[in-house]
Each structure stands twice: as C-alpha cells, then as structure tokens.
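Chain and residue survey
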Amino acid sequence: RSCAQIVEAGDCFIQRNLLRHAKHMRPSRPAGADIREIPLKGRGAQYTYLAKVAEECRIQTAVLYRDNESALPLVDLLERRGIPYRIRNADMVFFTHRVVQDIRNIILFARNPRDTELFLQIYYKLSSYINKQAALRICEISEKKDMDVLEAAVRFGRLEEKTEHSCRALRLQFKSLLSDAAEAALDRISQEMGYRDYLKRAGVSDGKLAILRAIAHYEESPLGLMERLDVLRRTIEEKEYDAGCPFLLSTIHASKGLEYDRVYLMDVADGIFPEAVPERQADMDEKERQAYEEERRLFYVAMTRARDMLSVFGLNRKSAFRTELFARMKYQRFRDAIGEGLIVRHKKFGEGVVV
C-alpha cells in the first residue's frame, strides 16, 4: 500500500526486533514524499496543528496514537471550534481512571470542605501527614461540631505540631483552589498540595495529569473543567459521526489492516509511545524485550498505514523511536548523496565534490 520511502523506512525500523522471522519488505510502488518530522515545542502544540489540518482537510487523513487518551485534548479542541472529525473505537477508561477521580474529588472537596467521605478518600494523597486513626477522629469532630474538616483538624485534632502546620497550609490551599483558572488549579494540586509526590510513592504514572492540563487550558475554573470532562464523555458516547468525513482519529490497534492517504503520528515520545524504554537495551531480560519489541511492532504498524504521506510529531523531548527512524533516514540520504557526488562548500577551499 505504501510508497517506497515508507516501506523502506519501516523495513529498516522493524529489523531492530530480534523476536521475529527474518524477512524484508520491498516496495512495489515508486518513491513518494519523504517521511516528515514536524518539530513542535511541546505536546500541546500538536492539537492546534492538527485542528488546522482538520479544518483544511480534503483528502483521507488519519491521526494515529497509542492510547485513546491522547486524542481527548484534540477532540476537545475540535468540538470547541466546530471542526468535523470521526473517531474509531474510543473508550471511556480515562474518565474513570483513579487519577482523574482523585482530581475530581479534590476539587469537589474544595467546594464542600465539610464532606467527610471525600476527605477520607483524599487526605493521604495530599501533604496532610495525617494517619488514618487521626483522620477518622477529625471527621467525627467535624460532623459533631458541623464545621469544615480541616478546621476541626487544626482546632480540635490534637495533632503533632508538624501535622497541624501541614493541615493549616493545606486548608489555605483548598480555600484558594476554586479561585484559580483550571490549569493553575491542577498545578496547585499536583505541586503545592503534594498530589504528584503521592503518585510517585504509589508508582502511578502522572500522564493523566498532562491530558487534564491540556483540556484545562481553555477553562476558567476547576469546576468548569469538571463540567467540561462530563461534556466530553457524553460527546464521545453519543455523537453520531459523518462516515464521509475525511479526518479520522484512531488508536493504532484499531487501524490494523486499514490504510489512509495521509497519516500523522501523535505523542511519539519516551514514556508515552513507547511507554517505557529500557536504559540498556542490550541487557534486557526476556520480559522487557518482549514488551519493548511489541511497542516497536506497533510503531511499524502505524507507519505502514500511510499510503502517500507520513508525518511524525517531534515534541521537544527524548524519543528512541523518532531518533532511530530519522537518524537512519538522514544517514541513507547522506549515502545516496555521496554515491551521486555530494556538493559541499568549505570555508577555506570553496565548493567541491565528494566522490
């Protein structure tokens, strides 16, 4: 299906996998457009770039990504701008993920600081330093005296000095939270209130925070962000898509066996796609190698969905897959140029030919 550049680049890329049958793919079509790396300053710049592509889209175009959540900020932006799109096999897992639920609970507790049930779900995920026994006692005092939970902690909790100081600071953070813009509120929760430290201790990825932050960019308040998440969830569940729309969003898994005139690959960066990169690939154990090579096969599948044009976003962060793909292509172009006689210009000797 693919033009010569895509087949040859894909073949070179997949050769690095050892757990495979030895074979080579050769193009049956002539050369087409070179594979493009689109350099961007950050992950969020993909969404505005692709929204512009979607707005002007006239040919069959697929945006492919490893996980469904990668598309959510783009869906949000397309919906805000009223730009047509289709999406394949979207799921709702993101909206019920523990990180998203934690953020929702923290914001809701800021709105109702007397909600003892919410407090018991979040106190140990923030920098309160309260143990479970103290938390239960504080909640009982709060309900009995009909006061904010953290006020009860400070006034009647009989806490150690360090813990009481932390509760005072956390109480002030909650009082300020609802006045923040949504993006600033997420930064406050993750950094100043200690939630990111909790994720590190729990061994949970903070990737969901990046998706929430991208959606929060357009919201004026944290409560507005909660409402927007509900709207997005309903949209993805209920929206009827125009089957004739040329701009398609899809996971790579859902695109297997399909082909598109033009393909954009999103979120190609270490920690996202691939999800993990071993520090020393030569020393990988069997389980690590199987997982990493499966990621490589998935990237190969994504590349070879494109018939004529393939573009990969460069997100100003490390990417083993992008480095492999484009380093090999640059080397091949250099070799081709040498074979033809490469024109070079030297500061001292002027123009010449390498043969």
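Here is what the cut-offs are and how they apply
- Residues numbered from 1 in each chain as written.
- Predicted model: local features only at pLDDT ≥ 70, side-chain atom pairs only at ≥ 80, totals over all residues.
- Heavy atoms only, no water.
- Helix = DSSP H or I, 4+ residues; strand = E, 2+ residues; numbered from the N terminus.
- Contact = heavy atoms within 4.5 Å.
- Lys, Arg positive; Asp, Glu negative; His and termini not counted.
- Charge placed at Lys NZ, Arg CZ, Asp CG, Glu CD.
- Buried < 20%, exposed > 50% of the residue type's maximum accessible area, 1.4 Å probe, protein only.
- Pairing = 2+ DSSP bridges.
- pLDDT = per-residue confidence, 0-100.
- Expected span 1.5 Å × (residues − 1).
- Polar contact = N/O pair within 3.5 Å; in protein donor to acceptor, adjacent residues only side chain to side chain.
- Phe/Tyr/Trp six-rings, centres within 6.5 Å; stacked < 30°, edge-to-face > 60°.
- Lys NZ or Arg CZ within 6 Å of the ring centre and 35° of its normal.
- Core = buried A, V, L, I, M, F, W, Y, C linked by side-chain atoms within 4.5 Å.
- Salt bridge = Lys/Arg side-chain N within 4 Å of Asp/Glu carboxyl O.
- Disulfide = S-S within 2.5 Å.

What follows is about the overall build of the chain. Within the chain, the regular secondary structure consists of 15 helices and eight strands. With respect to the three principal axes, the spread of C-alpha positions in the chain is 85 × 50 × 50 Å. Taking contacts inside the chain between residues at least 6 apart in sequence as the whole, the part at least 24 apart equals 73%. Of the charged side chains in the chain, 60 are positive and 54 negative; the average position of the first set lies 3 Å away from that of the second.

Turning next to the pairing of strand 4 (residues 247-251). The buried count for strand 4 comes to five of five residues, which makes it a mostly enclosed element. Relative to strand 4, strand 2 (residues 61-65) runs parallel, the two being bridged by five bridges. When the bridges of strand 4 are listed, Val-63 appears paired with Leu-249. Relative to strand 4, strand 3 (residues 86-87) is paired through two bridges, and the arrangement is parallel. Residue pairing in the sheet places Ile-87 in a bridge with Leu-249 of strand 4.

Bringing the environment of Arg-155 into the picture now. Mapped onto the secondary structure, Arg-155 falls in helix 8 (residues 149-156). With relative accessibility at 52%, the residue Arg-155 sits in the exposed group. Note: C-alpha distance between Arg-155 and Ile-14 (141 residues apart in sequence) is 64 Å.

Averaged over all residues, the pLDDT of the chain is 91; the fraction at 70 or higher stands at 92%. Below a pLDDT of 50 lies the segment residues 346-355, which in the model reaches 16 contacts outside its immediate sequence neighbourhood of four places, other chains included.

What follows is about helix 14 (residues 286-303). The terminal C-alpha atoms of helix 14, which comprises 18 residues, lie 26 Å apart, in line with the 26 Å expected from a rise of 1.5 Å per residue. Residues of helix 14 that are buried: Arg-289, Tyr-292, Glu-293, Glu-295, Arg-296, Leu-298, Phe-299, Tyr-300, Val-301, Ala-302 and Met-303. Structurally, the start of helix 14 carries an N-cap: the backbone nitrogen of Lys-287 is 3.2 Å from a side-chain oxygen of Asp-285.

Across all of its chains, the model carries 17 aromatic pairs by this definition. When the ring of Phe-109 is compared with that of Phe-174, the centres are 5.0 Å apart and the planes differ by 75 degrees; the resulting orientation is edge-to-face. Remark: Phe-174 occurs in helix 9 (residues 161-177) and Phe-109 occurs in helix 5 (residues 98-111); sequence separation between them is 65 residues. No difference in accessibility class separates Phe-109 from Phe-174, as the two residues are buried. Relative to Tyr-198, the ring of Tyr-124 lies with its centre 6.3 Å away and its plane at 80 degrees, an arrangement referred to as edge-to-face. On the criterion of sequence distance, the pair formed by Tyr-124 in the loop between helix 6 (116-122) and helix 7 (132-145) and Tyr-198 in helix 11 (residues 195-202) is long-range, its members being 74 residues apart. Under the relative-accessibility criterion, Tyr-124 is labelled partly exposed at 40%. Residue Tyr-198 is classed as buried on the basis of its relative accessible area of 9%. Through a chain of ring-to-ring contacts, three or more aromatic side chains come together here, namely Phe-109, Phe-119, Tyr-123, Tyr-124, Phe-174, Tyr-195 and Tyr-198. Across from the ring centre of Tyr-129, 5.2 Å away, lies the NZ or CZ of Lys-162, which sits over that ring.

Here the focus is the nonpolar core. In this structure, Phe-174, Tyr-195, Phe-247 and Leu-249 are the most contacted members of the largest nonpolar core, which totals 80 residues. The greatest single-element share of this core, amounting to seven residues, is contributed by helix 5. In contact with Tyr-195, other than residues within four places in its own chain, are Arg-98, Val-99, Asp-102, Ile-103, Ile-106, Lys-125, Leu-126, Ile-189, Ser-190 and Leu-209. Formed by 28 residues, the second largest nonpolar core is a distinct cluster that contains Phe-13, Leu-64, Val-268 and Phe-326.

Note the cis peptide between Phe-273 and Pro-274, where omega equals 5 degrees. Structurally, Pro-274 can be placed in the loop between strand 5 (260-265) and helix 14. Positive phi, normally seen in glycine, also occurs at Asn-89, with a value near 55 degrees. Even without glycine at this site, Asp-146 takes up a positive phi of about 55 degrees. Its place among the elements puts Asp-146 in the loop between helix 7 and helix 8.

As a further point, take the pattern of salt bridges. Enumeration over the complete set of coordinates arrives at 32 salt bridges. A salt bridge links Arg-155 to Glu-151, with the nearest nitrogen and oxygen atoms 2.9 Å apart. Placement of the pair is Arg-155 and Glu-151 together in helix 8, with a separation of four residues, close to one helical turn. Its salt-bridge partner being Arg-297, residue Glu-294 comes within 3.0 Å of it at the nearest N-O pair. Of this pair, Glu-294 and Arg-297 both sit in helix 14, three residues apart, roughly one helical turn. Here Glu-294 falls in the partly exposed class, since its relative accessible area comes to 34%. Note on Arg-297: relative accessible area 30%, which makes it partly exposed.

As a further point, take the state of the cysteines. Overall, the coordinates contain zero disulfides when judged by the stated rule. The thiol of Cys-12 is not disulfide-bonded; the next cysteine sulfur, from Cys-3, is found 14 Å away. The thiol sulfur of Cys-167 is not disulfide-bonded, and the nearest other cysteine sulfur, from Cys-139, lies at 11 Å. Residue classification places Cys-167 among the buried positions, given a relative accessible area of 0%.

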